[in-house]
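What follows is the residue order along each chain.
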Amino acid sequence: MDDPEQVRARLEETGYLVDEGLAIACFLALRLHRPLFCEGDAGVGKTALATALAEALGAPLIRLQCHEGIDASQALYDWDFPRQLLHLRAAEAAGVKDAERLESELYDRRFLIARPLLRALQTQPAVLLVDEIDRADDEFEAFLLELLSEYSVTIPELGTLRAEAPPVVVLTSNRTREVHDALKRRCLYHWFDHPSFARELAIVRSRLPRVSARLAEQVTALVQALRAADLVKPPGVAETIDWAQALDTLGANEVDAELAVATLGSVLKYREDTDRARGLDLAAVLAARGA
Ligand SMILES: Nc1ncnc2c1ncn2[C@@H]1O[C@H](COP(=O)(O)OP(=O)(O)OP(=O)(O)O)[C@@H](O)[C@H]1O
Ligand SMILES: [Mg+2]
């Protein structure tokens with residue numbers, strides 16, 4: 001892809017809509033082989049960007065979901081202990097006594113289980129998604145930083161494995177904690193804002209082409225109004241899509257304030273937020289859209 005405009009167009013073909021800032025960030029990440037660090041609220045399209053990039057590049061998406069306590073054996077590689085044990089028993093049964101030979105056989109590549117990070121180094125081309133890095137701990141972050149600097153790993157029993165070409169790397173964070181500057185410095189950074197009305201409507205239309213244009217517009221307007229209210233958990237694009245889909249499933253081609261309130265469970269997941277939404281003048285929001 002030769003310029004940001006081409007990146008935008010290719011992503012759009014997959015159904016993922018980007019603004020100019022994100023198109024430039026993606027273009028530079030691809031061109032400079034730098035990881036793209038995506039930060040923003042829940043449901044704003046961080047994970048979906050990696051999926052769309054993989055599709056646009058025709059490359060497999062290799063996903064590492066981070067969680068508390070994640071370590072190298074879950075992220076990078078592990079040895080297949082049960083199979084090693086079987087091999088050992090079989091060798092013993094066959095009367096093999098040479099301990100050194102046995103050991104080298106046990107740490108053969110066929111007993112190596114490649115986890116997402118190693119798979120990403122061994123697959124060309126690949127898009128590596130390190131999802132929700134803010135859930136992992138400091139130690140894992142430091143380990144990842146090292147890997148992303150070298151794109152190689154040393155397995156004591158096998159030696160150093162280096163990626164022929166570095167994968168395209170997308171890291172995401174919901175900012176439940178700050179990720180260290182050292183890791184961010186390796187990356188290009190993009191903050192995902194909630195989209196404007198026009199962009200969000202375009203996303204809903206692109207994801208749910210069969211939903212009536214009127215319903216899509218009304219739902220988008222309602223979600224934008226909800227976001228402006230002071231909610232515990234402002235809805236993301238994911239919820240806008242869910243809400244439009246729920247209303248469509250109910251056979252609605254348009255929505256009034258009463259139906260909106262009745263279906264709030266598709267979009268708000270906190271009781272305080274639902275209470276607050278009931279107090280809003282949703283009819284006025286719809287009226288402003290010409291309902
Ligand atoms: N720009 C966009 N174009 C098309 N679809 C989008 C866009 N942004 C978000 N979506 C859609 O919104 C939904 C939620 O996106 P996604 O799961 O990527 O959010 P997220 O930021 O990773 O959220 P979380 O932090 O909860 O993991 C997906 O179905 C995705 O397809
Ligand atoms: Mg996500």
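Predicted, not measured: the structure shown is a model, and the values here were computed from it.

So, about the overall build of the chain. Scanning the chain from terminus to terminus reveals 15 helices and 9 strands. Compactness check: the chain gives a C-alpha radius of gyration of 24 Å against a globular reference of 19 Å for 291 residues, more than 25% above the reference. Overall, the chain is about 85 × 45 × 35 Å in size when its C-alpha atoms are taken along their principal axes. Surface accessibility of the chain: about 14,800 Å² in total, with carbon and sulfur atoms responsible for 49%. Distance between charge centroids for the chain: 2 Å, based on 33 positive and 47 negative side chains.

So, about helix α10 (residues 197-207). Phe 197, Glu 200, Leu 201, Ile 203 and Val 204 are the residues of α10 that are buried. Taken down its axis, α10 places every buried residue within 155° of arc, on the same side. Among the structural elements, α11 (213-228) and α12 (237-249) are those in contact with the buried residues of α10.

Time to look at the domain arrangement of the chain. By a frequent convention, interface size equals the accessible area lost on bringing the separate parts together. When cut into domains, the chain gives domain 1 (4-70 + 116-192), domain 2 (78-109) and domain 3 (197-284). Placing a centre on the C-alpha atoms of domain 2 and another on those of domain 3 gives a separation of 59 Å.

Next up on the list: the UniProt feature "domain: AAA+ ATPase" (unreviewed entry) in the chain. Feature annotation in UniProt places "domain: AAA+ ATPase" (unreviewed entry) on residues 32-207, given in this structure's numbering. The span residues 32-207 shows a helical share of 43% and a strand share of 23%, and its end C-alpha atoms are spaced 31 Å apart.

Basis of the calculations
The residue numbers shown here count from 1 along each chain, following its written sequence. Starting at A for chains and at 1 for ligands, labels are handed out in the order in which the entities are written. Selection of residues for local features in this predicted model requires a pLDDT of at least 70, selection of side-chain atom pairs for listing and counting requires 80 or more, and totals for whole chains, interfaces and linings are taken over all residues. Excluding hydrogens and water, the side-chain values take into account all heavy atoms of the structure. The way it works is that DSSP assigns letters per residue, a run of H or I at least four long becomes a helix, a run of E at least two long becomes a strand, and they are numbered from the N terminus. Put simply, the radius of gyration uses C-alpha atoms, and a globule should come to 2.2 Å times the residue count raised to 0.38. Here, Shrake-Rupley sampling with a 1.4 Å probe gives the accessible areas, and only protein chains in the shown set may cover a residue. Positive charges come from Lys and Arg alone, negative charges from Asp and Glu alone, with His and the N- and C-terminal ends not counted. For charged residues, the charge sits on one atom: NZ in Lys, CZ in Arg, CG in Asp, CD in Glu. Using a 1.4 Å probe on the protein chains alone, a residue whose accessible area is under 20% of its type maximum counts as buried, one over 50% counts as exposed, and one in between counts as partly exposed. Throughout, the arc means the angular range of directions from the helix axis out to the C-beta atoms. We call two residues contacting when some pair of their heavy atoms lies within 4.5 Å. Source of the domain bounds: an automatic or database domain assignment. UniProt positions are given in the numbering used here, feature names are shortened, and annotations may be inferred rather than shown by experiment.

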